[in-house]
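Structural features, examined
For reference, the chains in residue letters:
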Amino acid sequence: MGENRDVETLLKKYNQEHIIQFINKLDNGKKVDLINQIQNIDFNQLTELYENTKRKVEIKENKIESIQYLDKSKLTYEEKEQFDKIGERVIKNGQYAVVTMAGGQGTRLGHDGPKGTFKLDVYGKGKYIFEILTENLKEANKKYGVIIPWYIMTSKENHEATKSFLEKNNYFGYNKNNVILFKQGELPLLDLNGKLLVGKDYRVKEASDGNGGVFSSLRSTGMIADMKERGIKWIFIGGVDNVLAKLADTILLGMTIDKDLQIGSKSVVKANPHERVGVFCKMNKHPKVIEYTELPKKMAEEVDSNGELRYGESNIACHLFSIDAIDKISKEVLIYHTAVKKNSYINEEGKEIIPDEPNAYKFEAFIFDAFDLFDNMAVLRVKREDEFAPVKNKEGVDSPKTAKELYEKFWNRQKS
Ligand code: UTP
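Now for a description of the structure that goes with this document. Bear in mind the structure is a predicted one, so any value in this text is a computation, not a measurement.

What counts and what doesn't
Residues numbered from 1 in each chain as written. Predicted model: local features only at pLDDT ≥ 70, side-chain atom pairs only at ≥ 80, totals over all residues. Heavy atoms only, no water. Helix = DSSP H or I, 4+ residues; strand = E, 2+ residues; numbered from the N terminus. Buried < 20%, exposed > 50% of the residue type's maximum accessible area, 1.4 Å probe, protein only. Contact = heavy atoms within 4.5 Å. Areas by Shrake-Rupley, 256 points an atom, 1.4 Å probe, with all protein chains shown as cover. Lys, Arg positive; Asp, Glu negative; His and termini not counted. Charge placed at Lys NZ, Arg CZ, Asp CG, Glu CD. Near = heavy atom within 4 Å. Polar contact = N/O pair within 3.5 Å; in protein donor to acceptor, adjacent residues only side chain to side chain. Salt bridge = Lys/Arg side-chain N within 4 Å of Asp/Glu carboxyl O. Pairing = 2+ DSSP bridges. Axes fitted to C-alpha atoms, helices over the stretch in contact; angles between N-to-C directions. 1 Å grid on protein atoms, 1.4 Å probe; cavity = no way out; pocket = protein on both sides within 12 Å on 5 of 7 lines; lining within 4 Å. Points joined across faces, edges and corners; volume = space filled by probe spheres on them. Nonpolar A, V, L, I, M, F, W, Y, C, P; charged D, E, K, R; others polar. Parallel < 35°, antiparallel > 145°, perpendicular 65-115°, else oblique. Phe/Tyr/Trp six-rings, centres within 6.5 Å; stacked < 30°, edge-to-face > 60°. Arc of directions from axis to C-beta.

Turning next to the overall build of the protein chain. Across its full length, the protein chain holds 14 helices and 20 strands. Dimensions of the protein chain, computed from the C-alpha atoms along their principal axes, are close to 75 × 55 × 40 Å. The buried share among the 416 residues of the protein chain stands at 50%. Taking the contacts inside the protein chain whose residues are at least 6 apart along the sequence as the reference set, 76% of them involve residues at least 24 apart. With an accessible surface of roughly 20,700 Å², the protein chain has 47% of that area assigned to carbon and sulfur atoms. Taking the average location of the 65 positive side-chain charges in the protein chain and that of its 64 negative ones, the two points are 3 Å from each other.

This is how it looks when you write it as structure tokens:
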């Protein structure tokens, strides 16, 4: 009873009284569950996150400069040889691991299940996204004579589904001991009035805290320790949804090491000066991915002496970090961004509402905000048609249809 009252006080204090009636309706088991969950919410942090949604992003006086990059297709034979050699050595020595971030909700795709379990309609029979990623890793293993440890970040929401899918498919032939699943952290969702949402299971709706949550969860779940124990020195971190991602690219690895840097990342050239993508730059002397909304129009259109966009290197979420960089970042707090997403919930009558429009704030840290903690990073420009086929939306751009076309065209080119 006492616990009940404490929770009521807490909910009232933070304007979340609507939850009280749900608590009162529940039988004992579920009631305890919900109370426990509420007691673990950091309401101060949540209040601050909600207040931030009302604030206009202030664009401070920032010094924005372009960042140097190398174009993979324009490397000299010697450069390519050198990078390859350095990268190969790391992989062959068993010092390389891959992290796939698969904790997202995939709301835009609307697939029933984790995004990696989506079957892309390629070559008639189709292939699951996880299957495509596995094939890529297996090919690297064969080439370098190793088994690359593959860490998959899931969310509380999709962990079990991801695990049972991979088990059912026998990890697509990957050595099971080298596929390690770990869960990322979560934050509650808030409706547009700052109220907590309750789901069908009578729990407060929470969602993963963004792909930037990868660093702290690698630490808290013991993955950094596991990597160190295995002697891992370099880690590629990418999203689950790029079916053309090269998971073991010796050029990116060799280039980053050769330049004595701790982070590397790939870019593709912006389709046009006003494409709505984040681009690499330096801000206040530190590397950064700047959102299109933050890049002044004049800068977005600026070209260099070769006629190339000065701020044209867009981020494709193919990142490389040294283990020391991950160790360092995992102890820092990254800022949270707000996204408005569609999330179902139950109303006061207990009826499930499935919204047609985005109805809830989701708070997410972004992986690239970590770049700012370093003085420099390596940026490797790659060809969009060779390395970037994202599956984001149900239809239109970056959809299964466009990804299928890009995937098949790429593999047909390799065959011919
Ligand atoms: P996106 O930002 O594209 O989000 O994630 P999403 O969840 O896949 O899709 P929408 O926006 O709901 O439609 C980019 C990558 O980061 C991962 C995703 O799984 C994807 O690989 N991610 C995103 C996480 O691992 N955790 C998160 O909390 C968010």
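Further notes follow.
Glancing now at the site of the ligand. The environment of the ligand is made up of 20 residues, and the closest members are Met101, Thr107, Arg108, Gln184 and Lys392. Within the backbone of Gln105, one N or O atom sits 2.8 Å away from an oxygen atom of the ligand. The separation between an oxygen atom of the ligand and a polar main-chain atom of Gly210 is 2.8 Å. Compared with its free state, where it exposes 570 Å², the ligand has 91% of that area covered by protein.

Turning to unusual backbone geometry, a few remarks are in order. For Asn170, which is not a glycine, the phi torsion comes out positive at approximately 50 degrees. By secondary structure assignment, the location of Asn170 is in the loop between helix H7 (159-168) and strand E7 (179-183). Although it is not a glycine, Tyr171 sits at a positive phi angle of roughly 50 degrees. Looking at the secondary structure, you find Tyr171 in the loop between H7 and E7.

Counted under the stated rule, the structure contains 30 salt bridges. Here Arg203 makes a salt bridge to Asp33, at a shortest N to O gap of 3.2 Å. Here Asp33 lies in helix H3 (residues 28-39) and Arg203 lies in the loop between strand E9 (190-191) and strand E10 (206-208), a separation of 170 residues in the sequence. Overlapping salt bridges bring together Asp71, Lys74, Glu308, Glu313 and Arg381 as one network.

It is worth spelling out helix H10 (residues 250-258) at this point. Most of H10 sits inside the fold, with seven of its nine residues counted as buried. Buried within H10 we find Thr250, Ile251, Leu252, Leu253, Gly254, Met255 and Thr256. Capping the start of H10 is the job of one residue whose side-chain oxygen sits 2.8 Å from the backbone nitrogen of Ile251: Asp249. Two residues or fewer past H10, Asp260 is found with a positive phi of approximately 60 degrees.

Before going further, it helps to spend a moment on the sheet that holds strand E16 (residues 336-341). An order of E9-E19-E16 is seen for the three strands of this open sheet, with the pairing classed as antiparallel. The sheet terminates laterally at E9 and E16, the two strands that pair on one side only. Here E16 runs beside strand E19 (residues 360-365); their pairing, made up of six bridges, is antiparallel. Bridge pairing in E19 links Tyr336 to Ala365. Where helix H4 (residues 43-54) meets the sheet, its contacts fall on E9, E16 and E19, and the angle it forms with E19 comes to roughly 105 degrees.

Let us now look at empty space enclosed by the protein. Where empty space is left can be seen by rolling a probe of water-molecule size over the atoms. Evaluation of the coordinates by the stated rule reveals one cavity of 30 Å³ or more. Roughly 60 Å³ of internal volume is contained in the largest cavity. Every residue along the wall of the largest cavity is listed here: Val98, Val99, Thr100, Leu133, Phe236, Gly238, Gly239, Asn242, Ala245, Leu247, Ala317 and Cys318. At the level of elements, strand E3 (96-101), strand E11 (234-239) and strand E15 (313-322) are the ones that each hand at least two residues to the lining of the largest cavity. Its residues assigned to classes, the lining of the largest cavity comprises eight nonpolar, four polar and no charged.

In this section: the environment of Asn141. Assignment of secondary structure puts Asn141 in helix H6 (residues 129-144). In this structure, the C-alpha to C-alpha distance between Asn141 and Ser314, residues 173 residues apart in sequence, is 29 Å. Setting aside residues up to four positions removed in sequence, Asn141 forms contacts with Val146, Ile147, Ile148 and Tyr174. Among the polar contacts listed, one links the side chain of Asn141 to the backbone nitrogen of Ile148, at a separation of 3.0 Å.

Before going further, it helps to examine the packing of helix H5 (residues 77-92) against H10. Across the interface, H5 lies against H10 with an axial gap of 7 Å and an inter-helix angle of 95 degrees. Taken as axis vectors, H5 and H10 run roughly perpendicular relative to one another. Counting all contacts with H5, which are made through Lys80, Gln82, Phe83, Asp84, Ile86, Gly87, Glu88, Val90 and Ile91, the residues of H10 involved are Thr250, Ile251, Leu253, Gly254, Met255, Ile257 and Asp258. In the contact of H5 with H10, the residues fall into eight nonpolar, four polar and four charged.

Tallied over the entire structure, the rule returns 16 aromatic pairs. Each ring, one from Tyr14 and one from Phe43, has its centre 5.1 Å from the other, and the planes form 15 degrees; the classification is stacked. Pair noted here: Tyr14 is in the loop between helix H1 (2-13) and helix H2 (18-25) and Phe43 is in helix H4, with a separation of 29 residues, a long-range link. The pair formed by Tyr14 and Phe43 is uniform in burial state, with each residue classed as buried. Every member of this aromatic cluster is reached through a ring pair, and the members are Tyr128, Phe130, Trp150, Phe165, Phe172 and Tyr174.

On to H2, then. Among the residues of H2, Ile19, Ile20, Phe22 and Ile23 are the ones counted as buried. Angular distribution of buried residues about the axis of H2 spans 160 degrees; they occupy a single face of the element.

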